Amino acid sequence: MNDEHQKKLTDYLAAFMEELVGNGVDEVVISPGSRSTPLALLFAHHPGVKTYINVDERSAAFFALGIAKAKKKPVAILCSSGTAGANYYPAVIEARYAKVPLIVLTADRPHELREVGAPQAIDQIDLYGKHVKWSIDMALPESIPSMLQYARSSAVRGVALSNAHPEGPVHYNFPFREPLIPDLQKVEFSSGRPAKRVLQGDRQLSSDFKNELQETLVNSKRGLIVCGPGLSEEAVPSIVRFAKEYALPIVADPLSFVRSGTHSKDNIMDCYDTFLRIDELKESLQPDLIIRFGAMPVSKALMLFLKGLPEIPAWVVSKGEEWQDPTARGTDFIHCGENLFCQSFFDQSGRRNMDWLEKWKRVNKETKGLLVKGHQSWDEGMAVHQLIQHLPEGSTLFSSNSMPIRDLDTYFFTNDRSQRIFANRGANGIDGVVSTALGMSTVSQPMYLLIGDLAFFHDLNGLLTARKYQLDVTIVVMNNNGGGIFSYLPQAGDQTHFEDLFGTPMDLEFAHAAKLYGAHYFHVGNEEEFIPALQEAEQSKGIKIIEVVTNREENVANHRKLWNFVSREMTNNLKGEDLDSSSE
């Protein structure tokens with residue numbers, strides 16, 4: 001081996017890695033390959049780095065995304081050249097839109113072997129386009145001081161950009177010439193402070209803007225707070241206190257971290273997705289000011305409610321510069337830390353409109369009672385309700401998209417337990433759900449995954465990582481033999497091609513998958529079997545798969561029957577009340 005070449009390779013990558021790790025990137029998910037050998041060996045050799053091996057790049061990237069979600073810090077993913085990096089794309093997109101910090105490392109052929117027909121070589125420059133915050137085609141390894149500084153600067157710059165609000169993925173493309181073996185005997189990684197750092201803090205309001213907003217806030221008679229996915233968990237107590245001081249109801253998405261915990265739940269509305277389907281109620285609950293923290297909530301009923309409001313002040317508070325306004329009703333986009341924003345208005349509330357708040361609380365309470373009373377048939381909704389009730393203290397629940405997250409929106413009622421719910425709501429896809437939950441399970445325990453049969457099948461091979469690293473997760477699979485959410489959409493009315501194009505029945509039994517990956521398996525066909533399965537799974541370690549077999553058509557009918565029951569009862573209960581009163 002050429003000693004000079006090996007020295008260049010070793011010194012250059014060691015300098016890069018030292019700054020990467022020194023700035024907080026201490027976990028990497030590696031998908032094995034030849035061209036990525038130099039980085040893979042150095043990561044494995046670094047005493048401060050924890051490595052995971054995942055042979056499937058798509059699963060590997062989502063697994064890393066799950067770790068980054070749980071730890072709120074960047075995680076690296078490493079793959080070889082060619083289409084390996086293309087398999088990262090779905091997770092990179094999710095990281096971009098869900099604001100998850102991710103360090104993407106792709107190995108590449110050197111420049112002389114690009115576009116000349118060399119094997120396992122594709123154009124990897126700007127491979128992820130606008131879906132990464134920053135992309136760089138790194139220089140070939142050199143060991144002169146200026147190039148070592150370049151390697152260090154590139155590392156810390158990428159970590160800083162990945163961490164900066166809004167957080168997201170960055171991409172390093174590393175060209176390597178052969179031979180690909182660094183000299184591990186001559187590498188000494190420093191355990192001290194990195195040579196370069198970027199220090200970041202939250203933005204806060206200027207005094208002029210604060211005074212202007214304060215005037216609007218005090219003059220408002222019917223303010224409403226909307227809490228969506230992605231808001232800072234640390235800001236929840238401040239938001240709750242802010243709502244209390246100004247007597248504002250909070251509509252809280254299940255992913256907002258607001259519905260559960262030790263903070264006060266007095267002002268928190270958790271049944272709005274149901275009662276905002278009732279036209280008579282919507283008219284009486286129109287606010288004159290909206291303050292939103294986080295992304296737009298899951299609820300379509302809430303989305304339509306907000307979209308249908310007349311032109312009123314609507315503040316979108318975010319600590320970064322992302323544009324989050326799907327209703328096109330935002331009037332003020334406030335780039336400020338959520339904590340700092342709320343604290344700016346403490347102890348200055350003045351007049352408070354308790355009638356407005358009490359109206360929301362009364363409607364929410366009555367709706368919750370009707371939901372519990374009216375849902376008597378065993379179906380996915382009842383299974384989700386029972387799952388939430390039996391989650392252990394301190395547990396984390398990861399939800400798939402489509403129907404699971406919507407059933408959670410309906411049945412995850414406020415409680416004082418420490419329960420956190422996550423989902424991949426950046427791009428709202430079903431890819432990588434299993435792997436993301438497994439990544440989170442390395443940090444958050446006990447971990448539960450609620451998922452439909454299509455999404456489970458879509459990322460079934462993610463279970464290989466769970467078996468390899470003996471991860472502990474309970475997976476509840478709602479098997480309604482197809483895409484349940486499509487049964488709620490207009491195309492369900494035309495049965496000519498509905499099943500083939502949208503229902504997509506797979507006729508799969510996941511007992512065979514459980515056996516393949518060494519999982520504990522439970523088959524559940526009714527209510528009497530579900531709770532014992534959950535209890536037994538809680539006492540076991542490793543992968544537990546609880547397959548809940550349901551009927552798609554019955555599930556749709558039950559949901560619609562329940563919504564109609566609540567709507568009818570709420571309308572009858574409110575007859576005689578002045579629904580249009582302004583609540584002075």
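Residues numbered from 1 in each chain as written. Predicted model: local features only at pLDDT ≥ 70, side-chain atom pairs only at ≥ 80, totals over all residues. Heavy atoms only, no water.

Chemist: What is the right way to read the overall build of the protein from this model?
Modeler: Of regular secondary structure, the protein possesses 21 helices and 18 strands. Relative to the compact-globule value of 25 Å for 584 residues, the protein shows a C-alpha radius of gyration of 26 Å, a close match. Overall, the C-alpha framework of the protein stretches about 90 × 60 × 45 Å when taken along its three principal axes. Across the 584 residues of the protein, 56% fall into the buried class. Long-range pairs, those at least 24 residues apart, make up 79% of the contacts in the protein with a sequence separation of at least 6. Carbon and sulfur atoms make up 50% of the accessible area of the protein, which totals about 24,100 Å². Computed over 59 positive and 74 negative side-chain charges, the inter-centroid distance for the protein is 4 Å. (Helix = DSSP H or I, 4+ residues; strand = E, 2+ residues; numbered from the N terminus. Rg over C-alpha atoms; globule rule 2.2 N^0.38 Å. Buried < 20%, exposed > 50% of the residue type's maximum accessible area, 1.4 Å probe, protein only. Contact = heavy atoms within 4.5 Å. Areas by Shrake-Rupley, 256 points an atom, 1.4 Å probe, with all protein chains shown as cover. Lys, Arg positive; Asp, Glu negative; His and termini not counted. Charge placed at Lys NZ, Arg CZ, Asp CG, Glu CD.)

Chemist: Honestly, the nonpolar core in this entry has me stumped. Any pointers?
Modeler: One broad trend across soluble globular proteins is that nonpolar side chains are buried collectively. Counting residues in each nonpolar core, the largest one holds 81 residues, and the members touching the most others are Ile225, Phe242, Ile291, Phe293, Phe341, Phe456 and Ile475. The element best represented in this core is helix H3 (residues 57–71), accounting for nine residues. Not counting residues within four places of it along the chain, the set of residues in contact with phenylalanine 456 comprises Val434, Ile451, Leu463, Ile475, Val477, Phe510 and Ile545. Counting 35 residues, the second largest nonpolar core, distinct from the first, contains Leu13, Ala14, Val49 and Val170. (Core = buried A, V, L, I, M, F, W, Y, C linked by side-chain atoms within 4.5 Å.)

Chemist: Explain the packing of helix H13 (residues 380–389) against helix H20 (residues 527–538) here, please?
Modeler: Helix-helix packing is characterised by the crossing angle of the two axes and by the distance between the axes. Between H13 and H20, the shortest axis-to-axis distance is 11 Å and the interhelical angle comes to 30 degrees. In terms of orientation, H13 and H20 fall into the roughly parallel class. Along this stretch, H13 crosses H20, giving a crossing that reads as right-handed. Here H13 contributes Met382, Ala383, Gln386 and Leu387 to the contact with H20, which in turn contributes Glu527, Phe530, Ile531 and Leu534. Class assignment for the residues of the contact of H13 with H20 results in six nonpolar, one polar and one charged. (Axes fitted to C-alpha atoms, helices over the stretch in contact; angles between N-to-C directions. Parallel < 35°, antiparallel > 145°, perpendicular 65-115°, else oblique. Left-handed = near helix turned anticlockwise from the far one by under 90°. Nonpolar A, V, L, I, M, F, W, Y, C, P; charged D, E, K, R; others polar.)

Chemist: Would you mind showing me how to read helix H6 (residues 207–219) here?
Modeler: Residues lying three or four places apart along an α-helix face the same way, a consequence of the helix completing one turn every 3.6 residues. With 13 residues, H6 extends 18 Å from end C-alpha to end C-alpha; this agrees with the ideal 18 Å at 1.5 Å per step. For H6, the full list of buried residues reads Lys210, Leu213, Gln214 and Leu217. All buried residues of H6 project into a common sector of 110 degrees when viewed along the axis, lining one side. Facing away from the buried side of H6 by more than 90 degrees, the exposed set consists of Asp208, Glu215 and Asn219. Residues of H6 that are buried make contact with helix H7 (236–245), strand S10 (289–293), strand S11 (314–318), strand S12 (332–335) and helix H11 (338–343). (Expected span 1.5 Å × (residues − 1). Arc of directions from axis to C-beta.)

Chemist: Where do I start with the sheet that holds strand S15 (residues 447–452) in this structure?
Modeler: The parallel open sheet is built from six strands, whose spatial order is S14-S13-S15-S16-S18-S17. Of all strands in the sheet, those with a lone pairing partner are strand S14 (420–423) and strand S17 (520–524), marking the two edges. Looking at each pair of strands side by side, their axes are set apart by 20 degrees on average, direction ignored. For strand S16 (residues 473–479) and strand S18 (residues 543–549), the ladder comprises seven bridges, and the chain directions are parallel. (Pairing = 2+ DSSP bridges.)

Chemist: It is not clear to me how the pattern of salt bridges should be interpreted in this structure. Could you clarify?
Modeler: Any two side chains of opposite charge can pair, so long as their charged atoms come close to each other. Across all of its chains, the model carries 26 salt bridges by this definition. Between lysine 8 and glutamate 142 there is a salt bridge, with its nearest N and O atoms 3.6 Å apart. One end of the pair, lysine 8, is in helix H1 (residues 3–22); the other, glutamate 142, is in the loop between strand S5 (134–137) and helix H5 (145–163), and 134 residues separate them in sequence. For lysine 73, the salt bridge goes to aspartate 26, with nearest N and O atoms at 3.3 Å. Taken as a pair, lysine 73 in the loop between H3 and strand S3 (75–79) and aspartate 26 in the loop between H1 and strand S1 (27–30) lie far apart in primary sequence, 47 residues in all. Exposure remark for lysine 73: the relative accessible area of 22% places this residue in the partly exposed category. Ionic contacts of the salt-bridge type, sharing partners, join the residues Asp26, Glu27, Lys71 and Lys73 into one network. (Salt bridge = Lys/Arg side-chain N within 4 Å of Asp/Glu carboxyl O.)

Chemist: What is the right way to read the domain arrangement of the protein from this model?
Modeler: It is common to give the size of an interface as the accessible area that goes away when the parts come together. If you check the domain split of the protein, you get domain 1 (1–175), domain 2 (207–359) and domain 3 (375–562). Of note, the centres of domain 2 and domain 3, computed from C-alpha atoms alone, are 30 Å apart. Taken together, the contact between domain 2 and domain 3 spans 18 residues of the former and 17 residues of the latter. Summed over both partners, the interface of domain 2 with domain 3 buries about 1,600 Å², with 54% contributed by carbon and sulfur atoms. At the junction of domain 2 with domain 3, the criterion picks out three salt bridges. Between glutamate 233 and arginine 420 there is a salt bridge, with its nearest N and O atoms 2.7 Å apart. (Domains from an automatic or database assignment. Buried area = accessible area lost by both parts, 1.4 Å probe.)

Chemist: Looking at this structure, I do not really get the side chain of serine 540. What am I missing?
Modeler: Locating serine 540 in the fold gives a position in the loop between H20 and S18. Setting aside chain neighbours within four positions, we find serine 540 in contact with Asp472 and His520.

Chemist: Just checking my understanding: could you explain the packing of H1 against H5 for this structure?
Modeler: At a minimum axis distance of 8 Å, the contact between H1 and H5 shows a crossing angle of 30 degrees. Overall, the two elements H1 and H5 adopt an arrangement that is roughly parallel. Regarding H1 and H5, the two cross each other, and that crossing is right-handed. Mapping the contact onto sequence places Asp11, Tyr12, Ala15, Phe16, Glu18, Glu19 and Leu20 in H1 and Met147, Leu148, Tyr150, Ala151, Arg152, Ala155 and Val159 in H5. Classifying every residue of the contact of H1 with H5 gives ten nonpolar, no polar and four charged.

Chemist: Whenever I open this one, the sheet that holds S10 confuses me. Can you help?
Modeler: Strand pairing in a sheet relies on backbone hydrogen bonds. The paired strands run either parallel or antiparallel. As summarised here, the arrangement of the six strands in space is S9-S8-S7-S10-S11-S12, forming an open sheet in which the pairing is parallel. With one partner strand each, in any of the chains shown, strand S9 (268–269) and S12 form the two edges of the open sheet. Sheet analysis places strand S7 (residues 223–227) next to strand S8 (residues 250–252), joined by three bridges and oriented parallel. Bridge pairing links valine 226 to valine 251 in S8. Docked against the sheet, H7 engages S7, S8 and S10, running at close to 165 degrees with respect to S7.

Chemist: Looking at this structure, I do not really get the environment of histidine 5. What am I missing?
Modeler: Looking at the element boundaries, histidine 5 is found in helix H1. It is 8.1 Å that separates the C-alpha atoms of histidine 5 and proline 179, two residues lying 174 residues apart in sequence. In this structure histidine 5 touches Arg177, Glu178 and Pro179, once residues within four positions along its chain are discounted. At a separation of 3.4 Å, a polar atom in the side chain of histidine 5 contacts the main-chain carbonyl oxygen of arginine 177. (Polar contact = N/O pair within 3.5 Å; in protein donor to acceptor, adjacent residues only side chain to side chain.)

Chemist: Before we go on, may I ask you to explain unusual backbone geometry in this structure?
Modeler: For residues that are not glycine, phi is negative in most cases, and the peptide bond is trans in most cases. Cis rather than trans, the peptide bond between histidine 165 and proline 166 has omega equal to -10 degrees. By the secondary structure assignment, proline 166 is in the loop between H5 and strand S6 (169–175). Residue glutamine 445 is joined to proline 446 through a cis peptide bond whose omega torsion reads -5 degrees. Considering the arrangement of structural elements, one finds proline 446 in the loop between helix H15 (433–441) and S15. At alanine 328, a residue that is not glycine, the phi angle is positive and equals roughly 60 degrees. The residue alanine 328 is located in the loop between S11 and S12 in this model. For alanine 328, a relative accessible area of 56% corresponds to the exposed category.

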